[in-house]
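The chain contents come next:
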Amino acid sequence: TPLKNNQVYMRALFDYIPLEDKATPCQEAGLPFKRGDILQVVTQDDPTWWQAKRVGDSNLRAGLIPSKQFQERRLAYRMKMGTLPNPKSPKKSLCKPLVFCFFFLPICGLTVAGLRRSFRLSRKDRQGSSGEGSDPGESEFLTYEEVTRYQQRPNERPRLVVLIGSLGARINELKQRVIAENPHRYAVAVPHTTRPKKPHEKDGVEYHFVTKQQFDADVLNNKFIEHGEYKENQYGTSIEAIRSVQAKNKMCIVDVQPEALKRLRTSEFKPYVIFVKPRVPESRRRRSAATSPGGDLQEMRQSAIQIDQQYGHLVDRVLIKEDSASACAELRGILERLERESFWVPISWVR
Ligand code: 5GP
């Protein structure tokens, strides 16, 4: 369904449990949500508590969520103190929760002056907070990111598909397999390397073969989205290599270290980020924990947790990899939907 004009949608970049929020004026009126949920913000009139609904919920009633500014302010405080803040309400707010539940919620759109006084940000605080629609990868605090529906039009360049994977996910193999099945639609970005060309290889097909000097210059000029060394040779994928795939109207699939995400998250590429995690059956995990604590399986699990914590907010889709064939089929399905359906993207990508 098309979005109505002037409606504000936010992707939540954190989990929110109103029952654990000591600052809320009314815990029962809070709207719980999880990182990644899309929230329709019904009113932002109050600077501290917004009213929102979760997209996809059948519940018609809006609930309270902390505003972006307030959440940022709390996080800034927590960062400074190393603890969660407990913004004790001032004396006059004693009966506020009840009043709020009775009068405020049924009448969406009203603001509560008392609340404003209790939690209003000073001008200085507000200036210090990052603006709406800013890249959450760049922003210091993960709160919300304003989003909108986006569907790729036939004449537009295909979105970039970015695979990131935790230990054991073997995303390169997955990528190669999906591309081999459908090379007219999907392609890799041809990497650069300083290693010598093998007889069967062609420049510009397997790799762009360049001198060490050229490679170093390209690194300095920020041409690569990522680069690394293998057996004393340099390898890297350039921004231009992605563009040249897209210029052929093919969907470019890259597999990168998650650090590259920040670089790729632009309106030009509109990346769709898939996080591939290998499934480790619970029984195997328990056996392994008992027999070899800190072993391979633990490492795999740890790697997935770490990526999820650090980059989870930039991920559009998690793909649990059972085996190669089923993961490949699932990825194929995702890629097909990406061309047909609309998806939530940061509003700054389409403005
Ligand atoms: P080969 O020289 O056998 O073609 O590739 C050897 C290794 O180079 C690969 O297994 C991979 O680890 C690394 N490699 C290939 N392409 C890239 C790339 O684009 N970036 C990085 N960082 N490493 C690459």
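This text goes with the structure placed above it.
Along each chain, residues carry numbers from 1 onward, in the same order as the chain's sequence is written. Per-residue local features are limited, in this predicted model, to residues with pLDDT of at least 70; the limit for side-chain atom pairs, both in listing and counting, is 80 or more; totals at the level of whole chains, interfaces and linings are taken over all residues. No hydrogens and no water enter the side-chain calculation; it runs on all heavy atoms of the structure.

Remarks on the packing of helix α5 (residues 171-181) against helix α11 (residues 324-340)
Here's step 1: The contact between α5 and α11 brings their axes to 10 Å, and the two run at 60°. Overall, the two elements α5 and α11 adopt an arrangement that is oblique. Crossing handedness for the pair α5 and α11: right-handed. Residue-level inspection shows Glu173, Leu174, Arg177, Val178 and Glu181 of α5 in contact with α11, the latter providing Ser324, Ala325, Ala327, Cys328, Leu331, Arg332 and Leu335.
Here's step 2: Here the nonpolar group is Ala, Val, Leu, Ile, Met, Phe, Trp, Tyr, Cys and Pro; Asp, Glu, Lys and Arg are the charged ones; every other residue, Gly included, is treated as polar. Of the residues in the contact of α5 with α11, the class split is seven nonpolar, one polar and four charged. The axes used here are C-alpha line fits, helices contributing only the stretch in contact, and every angle between their N-to-C directions lies in the interval 0 to 180 degrees. Numbering goes from the N terminus for both helices and strands, where a helix is a DSSP run of H or I of at least four residues and a strand is a run of E of at least two. When describing relative orientation, an angle under 35 degrees is termed roughly parallel and one over 145 degrees roughly antiparallel, while 65 to 115 degrees is termed roughly perpendicular and anything else oblique. Handedness of each helix crossing follows the sense of rotation of the near helix against the far helix: counterclockwise by less than a right angle gives left-handed, clockwise gives right-handed. We call two residues in contact whenever any of their non-hydrogen atoms come within 4.5 Å of each other.

Brief notes about the sheet that holds strand β9 (residues 208-209)
Through backbone hydrogen bonds, the strands of a sheet pair up, either in parallel or in antiparallel fashion.
Here's step 1: Taking strand neighbours across the sheet as the criterion, the four strands line up as β9-β8-β11-β10 in an open arrangement whose pairing is mixed. If you trace the sheet from one side to the other, it starts and ends with β9 and β10 (224-230), each paired once.
Here's step 2: For strand β8 (residues 192-193) and β9, the ladder comprises two bridges, and the chain directions are parallel. In the strand pairing of β9, Thr193 is matched with Phe209.
Here's step 3: Packed onto the sheet, helix α6 (residues 212-220) meets β8, β10 and β11 (233-238) and runs at close to 140° relative to β10.
Here's step 4: Here helix α7 (residues 239-247) sits on the sheet in contact with β10 and β11, set at roughly 45° to β11. By the convention used here, strands pair only if DSSP detects at least 2 bridges between them.

Focus on the environment of Ile38
Here's step 1: Checked against the element boundaries, Ile38 lands in strand β2 (residues 38-43).
Here's step 2: Separated by 21 residues in sequence, Ile38 and Ile17 have C-alpha atoms that sit 16 Å apart.
Here's step 3: Setting aside residues up to four positions removed in sequence, Ile38 forms contacts with Tyr9, Met10, Arg11, Lys53, Arg54, Val55, Val147 and Trp344.

With respect to the site of the ligand
Here's step 1: Any residue with at least one heavy atom within 4 Å of a molecule or strand is counted as near it. Near the ligand the following residues occur: Pro191, Arg195, Tyr207, Glu226, His227, Gly228, Tyr230, Tyr235, Gly236 and Thr237.
Here's step 2: For the purposes of these results, a polar contact is taken to be a pair of N or O atoms within 3.5 Å, where, inside protein, one atom must be able to donate a hydrogen and its partner to accept one; residues adjacent in sequence count only when each atom of the pair is a side-chain atom. Side-chain polar atom of Thr237 to an oxygen atom of the ligand: 3.1 Å apart, as the coordinates give it.
Here's step 3: Accessible surface area values rest on a Shrake-Rupley calculation with a 1.4 Å probe, where residue burial reflects the displayed protein chains alone. Surface burial for the ligand is 62%, taken as the share of its 510 Å² of free accessible area covered by protein chains.
Here's step 4: Broken down by secondary-structure element, the contributors of at least two residues to the shell around the ligand are β10 and β11.
Here's step 5: Looking at the shell around the ligand residue by residue, the class counts come to four nonpolar, four polar and two charged.

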